[in-house]
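Working through the structure, step by step
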Protein chains: 2
Amino acid sequence: MQLFYAPQITRNNFVLDEIESRHCVQVLRRKVGDTLQIVDGEGGMYKAVITNAHPKKCAFSIEETLTFSSQPFQIHIAIAPTKNINRFEWFLEKTTEIGITQITPLLTQRSERKKLRTDRLQKILITAMKQSVKAHLPQLNELIPFKKFIVQKAENSKLDTGSTAPNELFRGIAHLADNNLPLSKVYTKGENALILIGPEGDFTSEEINFALQHGFEGVSLGESRLRTETAGIVACHTLHLVNQ
Amino acid sequence: MQLFYAPQITRNNFVLDEIESRHCVQVLRRKVGDTLQIVDGEGGMYKAVITNAHPKKCAFSIEETLTFSSQPFQIHIAIAPTKNINRFEWFLEKTTEIGITQITPLLTQRSERKKLRTDRLQKILITAMKQSVKAHLPQLNELIPFKKFIVQKAENSKLDTGSTAPNELFRGIAHLADNNLPLSKVYTKGENALILIGPEGDFTSEEINFALQHGFEGVSLGESRLRTETAGIVACHTLHLVNQ
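Residues numbered from 1 in each chain as written. Chains lettered and ligands numbered in written order. Predicted model: local features only at pLDDT ≥ 70, side-chain atom pairs only at ≥ 80, totals over all residues. Heavy atoms only, no water.

When chain B is brought onto chain A, the operation consists of a screw motion whose angular component is 180 degrees and whose axial shift is 0.0 Å, with 0.0 Å RMSD remaining. The symmetry that links the two subunits is that of a two-fold axis. Both copies contact each other with a shared surface, as 100% of the interface residues of chain B are interface residues in chain A too. (Least-squares fit on C-alpha atoms with pLDDT ≥ 70 in both. Contact = heavy atoms within 4.5 Å.)

Dropping the structure here:
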């Protein structure tokens, strides 16, 4: 199924943007009267009909609206982006497929990547959302220093995941330590979750202690030594499995 | 930790091959008397000392041997390689990190990739094994037509996973069907597992029926529509979580 993305639908603007219009009209040769499947990234999926096959501003009318509720638990992963950006892009694509609510790139003491351009990454999220026929676009936040983020998300913070859902928030920091219990054993089905994933070389012990002092729980992702992007995917999938 | 790979150790040949020798002697500038960590891919990890820093045939003596037992359950994933080979390479890398015993590339009715060069893929497995500090190299088989493979692995076959372990073999075929139970619910902790993953567009119903008739069980990997390589990673990780 070919999906188009039009976040402007939620503002009653029934025109595809330039990139989606070009793809629809010039690449796929869609014409007036043709049916489109459109998602708005916020849970809406639409059956639409082209009213003006303009190659830059393809207009449509909506025939039918389906609303998808978001998954009943929110997954927020805060992760140090990898030096090799392809690996981070893979993490974004795979977690979008599996299902993720929010991603926050972290600047940590051992981070090799200290800057991040989120515009290209945004496109990867959109493509992955369309590919996996989802109506929700994950929220990608800007890079933030580790301690600043921890303070924002601390146990008594009102901000939490930015969620309005009533679920409790499970806060976990995945790091290598012998006494951490597996995430699958300490996270409870239905909880919202915020999981921190460190850079290659792991969080520093100062960072780990700072998170523990702010209400985060140390968790293990299993026996294997995983790359950062693999740890992120594994954490996201673990939360889904507990909810299965 | 820098690991070197020397499968020839198991034949009492204490020389690194040309690629590993070049890396060790020319790139890393290791000299006579320096200590190396070596794995043989079959569960052995060695502390060795260089006796001749030859750039093509670096010789060493073994100081200490550690034997790692393999994980107590075997994971065999048979999967249709993706058209885009990078995606298949990612599957190999990630499942090696997470832990996999054997991989069989499948030629299915909807396969877009009908040939596969396994030599380059072998290098990816070796790199991933070393990166994740594992002593076992997953076995990568040659591409095989779907039905031929199913007949070999059918319920009454003596061949099973090629394993000598006494565990039962769980045979699953992951495909999109409303009545398939989640893999995490039907697979039992400790069992060896063989999971079939289809191409983009899924297995044909003929293929699915053929597998079901030969003792395979239909399984679901969750609600999300996953790409082939993501499904492979998710299946592998699900088996690990059940065993956690």
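Further notes follow.
When the charged atoms of two side chains lie near each other, side chains of opposite charge can form a pair. All chains considered together, the criterion is met by 26 salt bridges over all chains. Among the salt bridges present, the one from Glu97(B) reaches Arg227(A), with a minimum N-O distance of 3.9 Å. Taken together, the positions of Glu97(B) in helix α2 (residues 85-98) and Arg227(A) in the loop between β12 (217-220) and α7 (228-242) put the pair across two chains. Residue Glu97(B) shares its accessibility class with Arg227(A), and that shared class is buried. Salt-bridge contacts for Lys94(B) lead to Glu229(A); the nearest nitrogen and oxygen are separated by 2.7 Å. Of this pair, Lys94(B) sits in helix α2 while Glu229(A) sits in helix α7, on two different chains. Grouping residues by exposure puts Lys94(B) and Glu229(A) together as buried. (Salt bridge = Lys/Arg side-chain N within 4 Å of Asp/Glu carboxyl O. Helix = DSSP H or I, 4+ residues; strand = E, 2+ residues; numbered from the N terminus. Buried < 20%, exposed > 50% of the residue type's maximum accessible area, 1.4 Å probe, protein only.)

Moving on, we get to the packing of aromatic side chains. All names here are of chain B. Summed over the entire model, instances satisfying the criterion amount to nine aromatic pairs over all chains. Aromatic pair Phe14 and Phe60: ring centres 6.1 Å apart, planes at 45 degrees, arrangement tilted. You can see Phe14 sitting in the loop between β1 (3-5) and α1 (18-27) and its partner Phe60 sitting in strand β4 (residues 59-67), a full 46 residues away along the chain. Ring centres of Phe170 and Tyr187 lie 6.0 Å apart, and the angle between their planes is 80 degrees; this geometry places the pair in the edge-to-face category. A residue pair is termed long-range when its members are at least 10 positions apart, and Phe170 in strand β9 (residues 169-174) and Tyr187 in the loop between α5 (183-186) and β11 (192-197) qualify at 17 residues. (Phe/Tyr/Trp six-rings, centres within 6.5 Å; stacked < 30°, edge-to-face > 60°.)

Moving on, we come to the pairing of strand β9 (residues 169-174) of chain A. All names here are of chain A. Across the six residues of β9, six count as buried, placing the element largely inside the fold. Residues Leu169, Arg171 and Ile173 point to one face of β9 and Phe170, Gly172 and Ala174 to the other, with burial holding for every one of them. Pairing geometry for β9 and strand β11 (residues 192-197), over six bridges, is parallel. Within β11, the position partnered with Phe170 by the bridge is Ala193. (Pairing = 2+ DSSP bridges.)

Let's shift gears to the domain arrangement of chain A. Residue and element names in this part refer to chain A. Partitioning chain A into domains gives domain 1 (3-67) and domain 2 (75-242). The gap between the C-alpha centroids of domain 1 and domain 2 is 32 Å. Across the contact, 11 residues belong to domain 1 and eight residues belong to domain 2. Overall, the association of domain 1 and domain 2 removes approximately 760 Å² of surface from exposure, summing both partners, and the carbon and sulfur fraction of that is 69%. The tally of links between domain 1 and domain 2 comes to one salt bridge. With a closest N to O distance of 2.9 Å, Lys130 and Glu20 form a salt bridge. (Domains from an automatic or database assignment. Buried area = accessible area lost by both parts, 1.4 Å probe.)

Counting residues at the interface gives 28 residues for chain B and 28 residues for chain A. Counting each side, the surface lost to burial between chain B and chain A is near 2600 Å², with a carbon and sulfur contribution of 49%. On the chain B side of the contact with chain A, Trp90(B), Arg225(B) and Gln244(B) bury the most area, a combined 25% of that side's loss. The interface formed by chain B and chain A includes eight salt bridges. Taking the shortest distance from any N to any O, the salt bridge between Arg87(A) and Glu93(B) comes out at 2.7 Å. The interface formed by chain B and chain A includes 26 residue pairs in polar contact (both at pLDDT 80 or more). (Polar contact = N/O pair within 3.5 Å; in protein donor to acceptor, adjacent residues only side chain to side chain.)

Moving on: the sheet that holds strand β2 (residues 35-39) of chain A. Residues and elements named next belong to chain A. The mixed open sheet is built from four strands, whose spatial order is β1-β2-β3-β4. In this open sheet, the two strands that pair with only one neighbour each are β1 (3-5) and β4 (59-67). Across the sheet, the axes of successive neighbouring strands diverge by a mean angle of 35 degrees, strand direction being ignored. Relative to the sheet, helix α1 (residues 18-27) contacts β1, β2 and β3 (44-52), its axis offset from that of β1 by approximately 155 degrees. Its contacts with the sheet put helix α3 (residues 118-131) on β1 and β2, and the angle it makes with β1 is roughly 145 degrees. (Axes fitted to C-alpha atoms, helices over the stretch in contact; angles between N-to-C directions.)

Below, the discussion takes up unusual backbone geometry. In this model, Asp202(A) sits at a positive phi of 75 degrees, which is unusual for a non-glycine residue. Tracing the backbone shows Asp202(A) in the loop between β11 and α6 (205-213). For Asp202(A), a relative accessible area of 14% corresponds to the buried category. The phi angle at Val133(B) is positive, at roughly 50 degrees, despite the residue not being glycine. Along the chain, Val133(B) falls in the loop between α3 (118-131) and β7 (139-140).

Now for the environment of Asp17(A). Residue and element names in this part refer to chain A. Turning to its location among the elements, Asp17 is positioned in the loop between β1 and α1. On the basis of relative accessibility, which here comes to 34%, the residue Asp17 falls in the partly exposed class. Spatially, the C-alpha atoms of Asp17 and Ala59 are 9.4 Å apart, while their sequence positions differ by 42 residues. The contact partners of Asp17, leaving out residues within four places of it in the chain, are Gln8 and Lys56.

What follows concerns the pairing of strand β6 (residues 102-107) of chain A. Residues and elements named next belong to chain A. With five of its six residues buried, β6 lies for the most part within the structure. As paired strands, strand β5 (residues 75-79) and β6 are joined by four bridges and run parallel to one another. Across the sheet, His76 pairs through a bridge with Gln102, a residue of β6. Once you follow β5 into helix α2 (residues 85-98) and on to β6, the crossover reads as right-handed. Two elements, β6 and strand β7 (residues 139-140), share two bridges in a ladder whose sense is parallel. Within the sheet, the bridge partner assigned to Gln102 lies in β7 and is Gln139. Examined bridge by bridge, β6 and strand β8 (residues 144-145) share two bridges and lie parallel to one another. Within β8, the position partnered with Leu107 by the bridge is Pro145. (Right-handed = clockwise from strand over helix to strand, strands pointing away.)

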